[in-house]
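Chain by chain, the residues run as shown.
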Amino acid sequence: QVQLVESGGGLVQAGDSLRLSCAASRLTLTNYAMGWFRQAPGKEREFVAAISRVGTNTYYAESVKGRFTIYRDNAKNMVLLQMNSLKPADTAIYYCGAHARSALINGPSWYDYWGQGTQVTVSS
């Protein structure tokens, strides 16, 4: 019943890297535009990155631009988020989402499917 599953989170030090994975249970992810979001305690879900269905277009929040990369591994039916130069401000639960619309969007309400999240904690 779970449509998406995130993995790869953990506890790292500032400056380290992590790669998050979003795997599909029953969805073929090439049929969906995908997004990564994060949510820190007491805050709303925040857009991080998005990628088009084919994977030719990407879109990033200013706070992560130049540090994070969203990409697809279609052979594994997965969407990845490479996170470099991590900062304590990146600490959050990270979620992937999927939507069937053609546009790259940063509003979480537009996404149709979500995973349960993976925790990323960055210490100083």
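Refer to the preceding data block for the structure.
So, here's what we can say about the structure. (Residues numbered from 1 in each chain as written. Predicted model: local features only at pLDDT ≥ 70, side-chain atom pairs only at ≥ 80, totals over all residues. Heavy atoms only, no water.)

**Things to note about the state of the cysteines**
Piece 1. Per the stated rule, a full pass over the model turns up 1 disulfide.
Piece 2. Note on cysteine connectivity: cysteine 22 is disulfide-linked to cysteine 96, with sulfurs 2.0 Å apart. One disulfide, between cysteine 22 and cysteine 96, carries an S-S torsion of 65° and so falls in the right-handed class. One end of the pair, cysteine 22, is in strand S3 (residues 18-24); the other, cysteine 96, is in strand S9 (residues 92-99), with 74 residues separating them in the sequence.
Piece 3. The exposure class of cysteine 22 is buried, given its relative accessible area of 0%. (Disulfide = S-S within 2.5 Å. Helix = DSSP H or I, 4+ residues; strand = E, 2+ residues; numbered from the N terminus. Buried < 20%, exposed > 50% of the residue type's maximum accessible area, 1.4 Å probe, protein only.)

**Let's talk about unusual backbone geometry**
Piece 1. In this model, asparagine 77 sits at a positive phi of 55°, which is unusual for a non-glycine residue.
Piece 2. Looking at where asparagine 77 falls in the secondary structure, it is placed in the loop between strand S7 (68-73) and strand S8 (78-83).
Piece 3. Residue classification places asparagine 77 among the partly exposed positions, given a relative accessible area of 22%.
Piece 4. The phi torsion at serine 85 lies on the positive side, around 50°, for a residue other than glycine.
Piece 5. Checked against the element boundaries, serine 85 lands in the loop between S8 and S9.
Piece 6. The exposure class assigned to serine 85 is partly exposed, which follows from its relative accessible area of 40%.

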